[in-house]
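What the coordinates show
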Amino acid sequence: MAVAEAVKGTVTPDARFFNEVASRAGGENLGRCYACGTCTVSCPIFEIKPEYNPRRIIRMIVLGMKKELMRSEIFWSCVNCYTCFERCPQDVRFTTVVHALKNIAVREGRARGTAPRSPAYVMADCFMESVRLHGRMWESELMVRLWLKLRDPARVLSFVKLGLRMFLKGRVEMVPSRVKGMEDITRIFRAVAARAAAGGGKP
Amino acid sequence: MKLAYYPGCSVHGSSREYEMSARKVLSRFGMELEEIEDWNCCGAVEAAGVDHELSVALPARNLTLPKVTEAGRIIMLCSACQAVHNKARSEMLADPSLKGRMDGLIGRKVNTDVEIRHLIHYLASDMDRNEIRKQVKKPLTHVKVVPYYGCVVNRPSRFINGDDPDNPTSLENILSDIGAQVLSFSHRNRCCGGTAMLTEEDVAITLGGKILAEAREAGAHCIATVCPLCQVALENASLKARDASGSSYDLPIVYFTQLMGLAFGFGPGELGLGRNVVSTRVLVEKVAGVPA
């Protein structure tokens, strides 16, 4: 949903939102922001998609616009280039602030039995499912899972051009490679799921 | 000498030619990459979006493997794997309670003393440049190349002991050591859009297209990269991005190790240059001295 659409109507600020983000791993320095906009002008996504505006996202957190920000899902557009993180004069670490926002969205979604709709979340979910099963990410499986979940034939067609060439050049792994110590991987995923279900623990 | 080595999922899958060429190059220095037994996926940027603790636990498990502790240093080819491991390591060093939770969760001690090193940093900073120059058999005199670092080989510098994040020099140094003409390239630290390739492809192609456009404008014969995700994303953009006149780009996107290998006298097949999607034939001919 577009940000403008998400903020339509009366805003009901959530006074706890700022602390909720700032108390999470990666969000600790949020309060240092003095709104200079270095993050925004450094952002390669903002450059082509002005709707994704890091400074505006920080303001929305400060103003408690949780409902609007979460509804827009705009923060899933971050590509993790870490340019804003590197350049921020106040060390706000916006890239990891985005991680905190994503973690909140995923956890609250799971508590309600839903999930973020953004393709970037679907991608992360399919990716982690592959890692949960094999301990390693199997690229071919990831792509098939993603396509099945997004149900968008245009994406598959668009990928044929590259995928076919890569296949012919032997760059497509046909069988997954698997970790021997899968009990470690299973334990890690179970612990994370259990903590999320309990809704507690320092994130 | 054996170097403990973490390949990561992409190098193991879609980007074997990166490892092939790295092995050839290192063999000239009497060095061998030794894959760490039973490594797991680092979680890339995806784990961080799902759950912070998961994004630390996955790389942390790799830091409990016996070979890693024995070696004291892991070499990585993938920028993202390297950044993810360095981030987790730094976070555990800064927060002993996080480290303690990881020790407990994995059931073994996580070794945060291990150095996590990208191959470009190892070759450009930990080795003597003269050693590289000495191995050059066919200097790439006729090859014009733009150095492309991408994002996370040097960012965030708070976690990574690499180059200067804004003015890196390692690729330029290596490429000039092997005799290539290194062109100035303003997009060298800009994002290729690889992360968005499967989710917001228009964004990825626009970002990749900007890199290809500047490289062509500069008169480059190829783009040298250090990351498997950048390589694939730029090859995808090569197939789909269009310049102002509507034509696509045909600049080879090569790993810096493939260029080093050519200069060291290895054949294109040994370096996996036939596996690149954008043809590298003209480039290989330039190195061989055939006018193209």
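Summary of the structure given here. (Residues numbered from 1 in each chain as written. Chains lettered and ligands numbered in written order. Predicted model: local features only at pLDDT ≥ 70, side-chain atom pairs only at ≥ 80, totals over all residues.)

What follows concerns the sheet that holds strand β1 (residues 2–6) of chain B. Residue and element names in this part refer to chain B. Spatially, 4 strands are ordered β2-β1-β3-β4 in an open sheet, and the strand pairing comes out parallel. Single-partner strands in this sheet number two, and they are β2 (32–35) and β4 (115–118). Sheet twist, expressed as the average angle between the axes of neighbouring strands with direction ignored, equals 45 degrees. With 2 bridges joining them, β1 and strand β3 (residues 73–76) adopt parallel strand pairing. The partner of Tyr 5 across the bridge, within β3, is Ile 75. (Pairing = 2+ DSSP bridges. Helix = DSSP H or I, 4+ residues; strand = E, 2+ residues; numbered from the N terminus. Axes fitted to C-alpha atoms, helices over the stretch in contact; angles between N-to-C directions.)

Attention shifts here to the interface of chain B and chain A. In this assembly, 48 residues from chain B lie in contact with 52 residues from chain A. Those elements that provide at least two residues to the side of chain B that touches chain A are α1 (9–12), α3 (44–50), α4 (52–62), α7 (96–106), α11 (201–217) and α12 (228–240) of chain B. The element that contributes the greatest number of residues to the side of chain B that touches chain A is α3 of chain B, accounting for 7 residues. (Contact = placed C-beta atoms within 7 Å.)

Think of two packed helices as two axes; the pair is described by the angle between the axes and how far apart they sit. All names here are of chain B. Close contact between α4 and α7 brings their axes to 10 Å; oriented N to C, the two are set at 65 degrees. Classified by the angle between their axes, α4 and α7 sit roughly perpendicular to one another. The handedness of the crossing between α4 and α7 is right-handed. Residues Val 56, Ala 57, Ala 60 and Arg 61 of α4 touch α7, and the partners they reach there are Leu 98, Met 102, Leu 105 and Ile 106. The class makeup of the residues in the contact of α4 with α7 is 7 nonpolar, no polar and 1 charged. (Parallel < 35°, antiparallel > 145°, perpendicular 65-115°, else oblique. Left-handed = near helix turned anticlockwise from the far one by under 90°. Nonpolar A, V, L, I, M, F, W, Y, C, P; charged D, E, K, R; others polar.)

Residues Ala 80, Val 145, Ile 223, Ala 224 and Leu 259 of chain B are the most contacted members of the largest nonpolar core, which totals 162 residues. Here the element with the most residues in this core is helix α9 (residues 119–134) of chain A; it accounts for 8 residues. Ignoring sequence-local partners within four residues, the contact set of Leu 259 of chain B consists of Leu 140, Val 145, Leu 175, Ile 178, Ala 180, Ala 224 and Val 254 of chain B. (Core = buried A, V, L, I, M, F, W, Y, C linked by C-beta atoms within 7 Å. Buried ≥ 20, exposed ≤ 12 C-beta atoms within 10 Å, placed from the backbone.)

All names here are of chain B. Summarising the element assignment, Pro 268 is placed in the loop between α13 (256–263) and α14 (281–288). Put simply, Pro 268 and Arg 281 are 13 residues apart on the chain and 9.0 Å apart in space, counted from C-alpha to C-alpha. The contact partners of Pro 268, leaving out residues within four places of it in the chain, are Leu 273, Gly 274, Thr 280 and Val 284.

The next point concerns unusual backbone geometry. Arg 155 of chain B connects to Pro 156 of chain B through a cis peptide bond whose omega is -5 degrees. For Pro 156 of chain B, the location among the structural elements is in the loop between β5 (144–148) and α10 (170–177). The phi torsion at Glu 73 of chain A lies on the positive side, around 55 degrees, for a residue other than glycine. Note on placement: Glu 73 of chain A falls in the loop between α6 (66–72) and α7 (83–87).

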